[in-house]
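What follows is each chain in one-letter form.
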Amino acid sequence: MHDRRPSHDHANHHANPPRGLVFVDRSARRLACEGRPDVGAGAAIRPRRGFALPAWTRAVMHVCVVCAFLLVTGIVHAQAPKLPKLTLAGPSAAVSNALIHMVDSGALNDLAEVVEFVPWRDPDQLRVMALDGRADVLAMPTNVAANLYNRGAKLQLINVSTWGVLWLVSRDPALKSLADLRGKELAMPFRGDMPDIVLQLLAEQQGLDVRKDLQLRYVASPVDAMQLLVMRRVDHALLAEPAASMALRKTGSFPLSVIAPELHRSVDLQQEWGRVFARAARIPQAGIAVMGALRERPELVARIEAEYARSLAWCKDNAEACGKAVAARIDLLSPEAVTDSIAVSQLEAVSVADARAELEFMFGKLVAKNPALVGGKLPDEGFYAGATKP
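Report follows, based on the coordinates.

Reading guide: rules and limits
- Residues numbered from 1 in each chain as written.
- Predicted model: local features only at pLDDT ≥ 70, side-chain atom pairs only at ≥ 80, totals over all residues.
- Heavy atoms only, no water.
- 1 Å grid on protein atoms, 1.4 Å probe; cavity = no way out; pocket = protein on both sides within 12 Å on 5 of 7 lines; lining within 4 Å.
- Points joined across faces, edges and corners; volume = space filled by probe spheres on them.
- Helix = DSSP H or I, 4+ residues; strand = E, 2+ residues; numbered from the N terminus.
- Salt bridge = Lys/Arg side-chain N within 4 Å of Asp/Glu carboxyl O.
- Pairing = 2+ DSSP bridges.
- Axes fitted to C-alpha atoms, helices over the stretch in contact; angles between N-to-C directions.

1. Notes on empty space enclosed by the protein
Summed over the entire model, instances satisfying the criterion amount to one cavity of 30 Å³ or more. Of the pockets and cavities examined, the largest cavity occupies roughly 230 Å³. Only strand S3 (137-141) and helix H7 (194-205) provide two or more residues apiece to the lining of the largest cavity.

2. Topic: the environment of Ala174
Inspection of the secondary structure puts Ala174 in the loop between strand S5 (166-170) and strand S6 (185-189). Sequence separation between Ala174 and His264 is 90 residues, and the spatial gap between their C-alpha atoms is 9.4 Å.

3. Re the pattern of salt bridges
Counted by the stated rule, this structure contains 20 salt bridges. The residue Arg329 makes a salt bridge to Asp104 at a minimum N-O spacing of 2.6 Å. Taken together, the positions of Arg329 in helix H13 (residues 319-329) and Asp104 in helix H4 (residues 97-105) put the pair 225 residues apart, joining distant regions of the chain. One salt bridge connects Glu348 with Arg282, and the closest N-O pair in it is separated by 3.3 Å. One end of the pair, Glu348, is in strand S11 (residues 346-351); the other, Arg282, is in the loop between helix H11 (269-277) and strand S10 (286-291), with 66 residues separating them in the sequence. What emerges from the salt-bridge pattern is a single network uniting Asp110, Arg303, Glu307 and Arg310.

4. Notes on the sheet that holds strand S2 (residues 112-119)
As summarised here, the arrangement of the six strands in space is S2-S1-S3-S10-S4-S11, forming an open sheet in which the pairing is mixed. The strands lining the two open edges of the sheet, one partner per strand, are S2 and S11. Going across the sheet, the axis of each strand differs from the next one's by a mean of 20 degrees, ignoring polarity. In this structure, strand S4 (residues 155-164) lies alongside S10, joined through six bridges in antiparallel fashion. Bridge assignment links Asn159 to a residue of S10, and that residue is Ile288.

Structure (structure tokens):
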């Protein structure tokens, strides 16, 4: 009688697999993974211990996975698309010095394919640039920034950097105060804007009626006022740096020295501000604002704010080189005048959060005088949202 038993017992085959083979009950393992303790680990035939990965191998694999993740995310970040163009714009004044250095030094080249500086000539051109979206970063007087914001322009002020650039320059060495201007003609740039506003506030605080006691001759820019002064068309002018330094330079240079009068810095308007209002002798005159869609990119705003501060510090430490760079971009200015102006100007990049108290003091004076100067009211929180958060 033949033995019909199979050559290998099926049950024993699974219970005692040949050496080197491992069988896993996949359904049991799946149920165990699903959190079914009643069918859990005991239902699965575990691999032999010799097949478990050593601890050091698992640690190495974990590190490799983390490094791969960081590498991939780093590459994605590095390959984030640049802006097609980043336009910085400012006047022929000290507030533009740092913007020009930012462009010349390539400080923002990793943010945009093209980074350019565009000068604006007068407040009317500035307003057009702001409302039509022709610039991404605009240097401007702080009252103009508030006015534009309150009228619906998409801007946020991010710093104040110009705290003292306004001077009365005169042929008369005896002129020492605003009261000494009574009955005299004064060339005044930017009617209804920062120089004019500051003079009016200071004059009224000292009992002067600007319309009756002074003869104001309004011109388009500080450079125009400087030219009238140098050519003997007027004897007194309110000038913002570097126009004041340029006027003083020209009076000692050939050939203008033949016709130009001897000029003097007669009144420092910042000192007057501190004296009549019992405050620090500085005025939050101008800064930079970010425009349009750039406001929604806080990482870019913070970067621009930081680079501006670095470039301003560089200009103060390298006044002669800064003067040459600025004059190369703004034809009306000379390198020597820009260099001179840096030495006598109060220039400090202060975040708008830290400058807010001084801004609101000045804006309050403007609202009391004529609300239209700042667009009818004090700007709200959104105006200051460009500040770097602590």
